[in-house]
Amino acid sequence: MTQEVIKPGGNFDYDFIVPDPGTYWFHPHVGAQPDTGLYGALIVDDPEEPGGYDDEWVVVLDDWLDGVTATPDQVLTELAAGMGDMGGMDMFMRMGNTLMGATSDVLGGDAGDVYYPHYLVNGKPAADPAQFVGKPGNRIRLRVINAGSDTAFRLAVGGHRLTITHSDGFPVTPVEVDSVLLGMGERYDLLVTLGDGVFPLVAAAEGKQDRAFAVVRTGSGSTPPVDVTVPELTSTKIGVSGDLAATEAVALKRRTPDREVKLELTGSMAKYDWGIDGKQFDMSKPLQDAHPIRSGERVRLKVVNATTMWHPFHLHGHTYQHADGGPRKDTSIILPRKTLTVDFDADNPGLWAAHCHNIYHAESGMMTVFGYQN
Ligand SMILES: [Cu+2]
């Protein structure tokens, strides 16, 4: 919140400490720029890595339209005009750059509103897929990042089970699943023991009837077709943050919260007036509805989703823990009409944004600020 923008042709040297190993990413916060691919993975290796894997593969998922069907700014303008009574229409169809009727049970209804012509793994479309080459029997750590702007992905590797080991960089008690659901901004680390052959890695664009596709190859054989059936994607064993628990090493110490802050996510697709507590964030007056907290406090944050759509809620500058021993995270899916309860320690003084990681929702105004001094 306190950094000047980097002007075209300008530069800015970042100098920062990385206290926590794990899978992170970085991106700008100017307009809809994250949907132009202006981002990168940030992998912090642990000098005391316990290991348990032979190799790793960073898997960056994205939804792509820039330069194909529109620019992200055009999409934002189109969405901001509002859909009126068309919003929430049941029939699945594309209208301009808007997708109607994209629904998902695991997301509790409306899955997303932007039409994307391509879904990518590591920058590559399904027609020219990214490929990982490994050895049968090897254990691979997949570091999966959803860098998309309006798409949740359900990721699976055909013929394999996935063991979730980390959420948003922090270790969790390992859980074995068939697929994992990632909202925009979420990261999961997964262990996979590779079989012998050629396998599809598929990230279904949740509710959007399309997919990102890549190939895992450990033997000879032809590449599976893009539309190959992956039974793991339809299995009910889907990894979601609600099923995870932080390991003892990273769980917050038990402590009674000093302060409780309640935020309500508000707005609708029809009006495209996404906001917090009924107000659309005003970039020109970023501090007018800021939430003051104090350094050293344990803060309990209750985020109520009062809308009929899911939102990936993200807090800058901190990694909270889901209440009741849940995972450490910084981005969490909140389903319609549900409440996310998290605790964090105010140990990083400054001004920090909290926002929906749907870039178009955030730009519309679903954003607020936490601030405190040392
Ligand atoms: Cu949102």
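Residues numbered from 1 in each chain as written. Predicted model: local features only at pLDDT ≥ 70, side-chain atom pairs only at ≥ 80, totals over all residues. Heavy atoms only, no water.

Visitor: Can you break down the sheet that holds strand E9 (residues 130-133) residue by residue, with the values?
Guide: An order of E9-E17-E16-E11-E14-E18 is seen for the six strands of this open sheet, with the pairing classed as mixed. Among the strands making up the open sheet, the edge pair consists of E9 and strand E18 (238-239). (Pairing = 2+ DSSP bridges. Helix = DSSP H or I, 4+ residues; strand = E, 2+ residues; numbered from the N terminus.)

Visitor: Can you break down the coordination of the copper ion residue by residue, with the values?
Guide: Taken together, the protein donors to the copper ion comprise His311 (ND1), Cys356 (SG) and His361 (ND1), at separations of 2.0 to 2.1 Å. Every donor residue of the copper ion comes from the same chain, spaced as H-x44-C-x4-H. Both residues of the pair, cysteine 356 and histidine 361, belong to the buried class. (Donors = N, O, S within 2.8 Å, 3.2 Å for Na, K, Ca; no water. Buried < 20%, exposed > 50% of the residue type's maximum accessible area, 1.4 Å probe, protein only.)

Visitor: Residue-level account of the pattern of salt bridges, with values.
Guide: Once the charged atoms of two side chains with opposite charge are near each other, the side chains can pair. Enumeration according to the criterion identifies 20 salt bridges in this entry. With a closest N to O distance of 3.5 Å, aspartate 189 and arginine 143 form a salt bridge. Of this pair, aspartate 189 sits in strand E15 (residues 187-193) while arginine 143 is found in strand E10 (residues 139-146), placing the two residues 46 residues apart along the sequence. Considered together, aspartate 189 and arginine 143 belong to a single accessibility category, that of buried residues. The salt bridge partner of arginine 187 is aspartate 330, with a shortest N-O separation of 2.9 Å. Taken as a pair, arginine 187 in strand E15 and aspartate 330 in the loop between strand E25 (328-329) and strand E26 (331-334) lie far apart in primary sequence, 143 residues in all. (Salt bridge = Lys/Arg side-chain N within 4 Å of Asp/Glu carboxyl O.)

Visitor: Explain the sheet that holds strand E22 (residues 298-305) to me, and be specific about the residues and the numbers.
Guide: The mixed open sheet is built from six strands, whose spatial order is E20-E19-E22-E27-E24-E25. Taken across any chain shown, the strands that pair with only one partner, and hence form the sheet edges, are strand E20 (275-276) and E25. Relative to E20, strand E19 (residues 259-266) runs antiparallel, the two sharing two bridges. Considered in E20, the bridge of threonine 266 is made with glycine 275.

Visitor: Can you tell me about the domain arrangement of the protein, naming the residues and giving the values?
Guide: Assigned domains within the protein: domain 1 (22-66 + 115-243) and domain 2 (259-372). Averaged C-alpha coordinates put domain 1 and domain 2 at centres separated by 26 Å. Contacts between the two partners involve 24 residues from domain 1 and, on the opposite side, 19 residues from domain 2. Of the roughly 1800 Å² buried between domain 1 and domain 2, counting both surfaces, carbon and sulfur atoms make up 60%. For domain 1, the biggest contributors to the area lost against domain 2 are His29, Phe170 and Met184; these three give 30% of the whole. Linking domain 1 to domain 2 there are three salt bridges. The tally of links between domain 1 and domain 2 comes to twelve residue pairs in polar contact (both at pLDDT 80 or more). (Domains from an automatic or database assignment. Contact = heavy atoms within 4.5 Å. Buried area = accessible area lost by both parts, 1.4 Å probe. Polar contact = N/O pair within 3.5 Å; in protein donor to acceptor, adjacent residues only side chain to side chain.)

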